[in-house]
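# Per-entry structural report
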Amino acid sequence: DAGVIQSPRHEVTEMGQEVTLRCKPISGHDYLFWYRQTMMRGLELLIYFNNNVPIDDSGMPEDRFSAKMPNASFSTLKIQPSEPRDSAVYFCASSFALAGGPHEQFFGPGTRLTVL
Amino acid sequence: AQSVAQPEDQVNVAEGNPLTVKCTYSVSGNPYLFWYVQYPNRGLQFLLKYITGDNLVKGSYGFEAEFNKSQTSFHLKKPSALVSDSALYFCAVRDINQAGTALIFGKGTTLSVSS
């Protein structure tokens, strides 16, 4: 397996533009997670899905952020409109289930987003 | 509520010396515990985990961690540090009795190994 795949790896956009980040989880994994990492706030869990259903989106910073998982092999994180404070590295991770919950998570390489 | 603490923002050690990166946790039930490493401009990589059984867990790159239930700790250790071990290390926990909850990650500890 190729691991968790994220695209694009780098994105530079201007304030107000829509940004879409993409993730392909490891085949067979039941859980998918979106994280954001910044120097100031560290690693933050934004949202996670179980069997394509959003379970907890309490980490999504505001309504400008939305995430979807239309099928088991694809998820998107969208920011509309983007703001400079959204600049961060966004990670996607996937996990198989064990004992009723997610287990060891496998992380993608991340998307470095810069909003000018 | 689940939580995990990494009390040190940074750990400095000389190459060849033993290293310890500390982690303590709080869960209401029994924990699943994990260590991850992040090299610059990379995603997090799994190092090792504790589920059950032997309290001393061995993982990748010569790292090991000891689960101590009475002290609610899961410190990461390595007998002899390498310069290439310099990275950001994350401890994570999940309460196995909290079905469906995500891993809780610590804020990370930067390990710096000098030559």
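The structure under discussion appears in the preceding block.
The notes below deal with the structure included here. (Residues numbered from 1 in each chain as written. Chains lettered and ligands numbered in written order. Predicted model: local features only at pLDDT ≥ 70, side-chain atom pairs only at ≥ 80, totals over all residues. Heavy atoms only, no water.)

### Section: the overall build of chain A
Along its length, chain A carries zero helices and eleven strands. Traced from its N-terminal end to its C-terminal end, chain A shows the element sequence β-β-β-β-β-β-β-β-β-β-β. Taking 13 Å as the expected radius of gyration for a compact globule of 116 residues, we find that chain A reaches 13 Å, a close match to that expectation. Counting only C-alpha atoms, chain A reaches 40 × 30 × 25 Å along its principal axes. The proportion of buried residues among the 116 residues of chain A is 47%. Counting only carbon and sulfur atoms, one obtains 52% of the accessible surface of chain A, whose full area is about 5600 Å². Each charge class in chain A was averaged separately, 10 positive and 13 negative side chains, and the resulting centres sit 4 Å apart. (Helix = DSSP H or I, 4+ residues; strand = E, 2+ residues; numbered from the N terminus. Rg over C-alpha atoms; globule rule 2.2 N^0.38 Å. Buried < 20%, exposed > 50% of the residue type's maximum accessible area, 1.4 Å probe, protein only. Areas by Shrake-Rupley, 256 points an atom, 1.4 Å probe, with all protein chains shown as cover. Lys, Arg positive; Asp, Glu negative; His and termini not counted. Charge placed at Lys NZ, Arg CZ, Asp CG, Glu CD.)

### A word on the nonpolar core
One finds B:W35, B:L47, B:L48, B:F74, B:L76 and B:Y89 to be the most contacted residues of the largest nonpolar core, which totals 28 residues. For this core, the elements supplying multiple residues, two or more each, are β2 (10-14), β3 (19-21), β5 (31-38), β6 (44-50), β8 (64-68), β9 (73-78), β10 (87-95) and β12 (109-114) of chain B. The element contributing the most residues to this core is β10(B), with four residues. Setting aside its immediate chain neighbours within four residues, B:L47 contacts B:W35, B:Y36, B:V37, B:G59, B:S60, B:Y61, B:F63, B:L76 and B:Y89. Of all hydrophobic cores here, the second largest spans 21 residues; its members include A:V4, A:V19, A:L46 and A:L113. (Core = buried A, V, L, I, M, F, W, Y, C linked by side-chain atoms within 4.5 Å. Contact = heavy atoms within 4.5 Å.)

### Concerning the interface of chain B and chain A
Listed as interface residues are 21 residues of chain B and, on the opposing side, 22 residues of chain A. Between chain B and chain A, roughly 1600 Å² of surface is buried when both sides are summed, and carbon and sulfur atoms account for 54% of that area. Our count for the contact surface shared by chain B and chain A stands at one salt bridge. Notably, a salt bridge pairs B:K49 with A:E104, separated by 3.1 Å at the nearest N-O pair. Taken together, the links from chain B to chain A amount to five residue pairs in polar contact (both at pLDDT 80 or more). (Buried area = accessible area lost by both parts, 1.4 Å probe. Salt bridge = Lys/Arg side-chain N within 4 Å of Asp/Glu carboxyl O. Polar contact = N/O pair within 3.5 Å; in protein donor to acceptor, adjacent residues only side chain to side chain.)

### Re the environment of A:G28
Inspection of the secondary structure assignment puts A:G28 in the loop between β3 (19-24) and β4 (31-38). Taking the C-alpha atoms as reference, A:G28 lies 9.8 Å from A:A97; in sequence the two are 69 residues apart.

### Things to note about the state of the cysteines
All names here are of chain A. Counted according to the given criterion, the structure contains two disulfides over all chains. Covalent S-S linkage joins C23 and C92, the inter-sulfur distance amounting to 1.9 Å. Here the disulfide of C23 and C92 is left-handed, its torsion about the S-S bond being about -65 degrees. Separated by 69 residues along the polypeptide, C23 in strand β3 and C92 in strand β9 (residues 88-98) bring together distant segments of the chain. Neither C23 nor C92 differs from the other in exposure class; each is buried. (Disulfide = S-S within 2.5 Å.)

The values are spatial; any link to function lies outside them.
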